[in-house]
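The residues making up each chain are set out below.
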Amino acid sequence: MAERNPETHVIDFRAAEQLLAARDPRGAVKLLDSVIAAHPENTAARLLRARAFFAAAQLRPAELEFELVLEREPDNAFAHFALARTFQRSGRPEQAMRHFRLAAALDPKPEYLEAARFGAAAD
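Residues numbered from 1 in each chain as written. Predicted model: local features only at pLDDT ≥ 70, side-chain atom pairs only at ≥ 80, totals over all residues. Heavy atoms only, no water.

J.: Sorry if this is basic, but what is going on with the nonpolar core here?
T.: One broad rule of soluble globular proteins: the nonpolar side chains tend to lie buried together. If you look at the biggest cluster of nonpolar residues, it comprises 35 residues, and the most contacted ones within it are Leu32, Ala45, Leu48, Phe66, Phe81, Phe100 and Tyr112. Those elements that provide at least two residues to this core are helix H1 (6–21), helix H2 (25–38), helix H3 (43–55), helix H4 (59–72), helix H5 (77–89), helix H6 (93–106) and helix H7 (110–116). Taken together, domain 1 (1–58) and domain 2 (74–122) each give at least three residues to this core, which thus spans both. (Core = buried A, V, L, I, M, F, W, Y, C linked by side-chain atoms within 4.5 Å. Buried < 20%, exposed > 50% of the residue type's maximum accessible area, 1.4 Å probe, protein only. Helix = DSSP H or I, 4+ residues; strand = E, 2+ residues; numbered from the N terminus. Domains from an automatic or database assignment.)

In structure tokens form, the structure reads like this:
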């Protein structure tokens, strides 16, 4: 097998994006494993792998990856929103709401605001 180099990792990352878009999250995870092994600090690769885990309904690995991204980028509104959706699918509504609200506070996108129920009567 040819030696893996930085260019190969970029190609693998881009291919993983395409696989996720084509609804092959498990294939995306496989490609991203080697990228992250070589570049564990790469937050973009970890965020993409978290999204792939979520799409594959591997909620615990998705949760761990989203949390790792948020340790490095606490102001990443998308990561908060995606972690909230992960908690929601895992049946943990209180944790989900906390992250929905953080996402909406960081970036007032309509979908984040709606999920956070800002402006709506409290439950």
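J.: What is the right way to look at the UniProt feature "repeat: TPR" (unreviewed entry) in the protein in this model?
T.: As annotated in UniProt, the feature "repeat: TPR" (unreviewed entry) corresponds to residues 77–110 in the numbering used here. Helix makes up 82% of residues 77–110 and strand 0%, with an end-to-end C-alpha separation of 13 Å. (UniProt positions renumbered as here; feature names shortened; annotations may be inferred.)

J.: Explanation requested: the domain arrangement of the protein in the structure shown.
T.: It is common to give the size of an interface as the accessible area lost on bringing the parts into contact. Partitioning the protein into domains gives domain 1 (1–58) and domain 2 (74–122). Taking only C-alpha atoms, the centre of domain 1 and the centre of domain 2 are 25 Å apart. With four residues of domain 1 in contact, the opposing surface of domain 2 contributes six residues. Here domain 1 meets domain 2 over a buried area of about 450 Å², counting both sides, of which 70% is carbon and sulfur. Put simply, domain 1 and domain 2 have zero salt bridges between them. Viewed at the interface, domain 2 and domain 1 are joined by one residue pair in polar contact (both at pLDDT 80 or more). Of the residues that constitute the side of domain 1 that touches domain 2, the class distribution is three nonpolar, no polar and one charged. (Contact = heavy atoms within 4.5 Å. Buried area = accessible area lost by both parts, 1.4 Å probe. Salt bridge = Lys/Arg side-chain N within 4 Å of Asp/Glu carboxyl O. Polar contact = N/O pair within 3.5 Å; in protein donor to acceptor, adjacent residues only side chain to side chain. Nonpolar A, V, L, I, M, F, W, Y, C, P; charged D, E, K, R; others polar.)

J.: Which parts of the structure should I look at to understand the packing of aromatic side chains?
T.: The description of an aromatic ring pair rests on the distance of the ring centres and on the angle between the ring planes. Under the criterion given, the structure shown has two aromatic pairs. The interplanar angle of 55 degrees and the centroid separation of 5.4 Å between the aromatic rings of Phe81 and Phe100 together place this pair among those described as tilted. Placement of the pair is Phe81 in helix H5 and Phe100 in helix H6, with a sequence separation of 19 residues. Across the pair, exposure class does not vary: Phe81 and Phe100 are buried alike. Each member of the aromatic cluster is reached from another via a ring pair, and the members are Phe81, Phe100 and Tyr112. Sitting over the ring of Phe54, Arg89 keeps its end group 4.4 Å from the ring centre. (Phe/Tyr/Trp six-rings, centres within 6.5 Å; stacked < 30°, edge-to-face > 60°. Lys NZ or Arg CZ within 6 Å of the ring centre and 35° of its normal.)

J.: Would you mind going over the side chain of Glu65 with me for this structure?
T.: Residue position: Glu65 is located in helix H4. Setting aside anything within four residues of it in sequence, one finds Glu65 in contact with Arg46, Arg49, Ala50 and Phe53.

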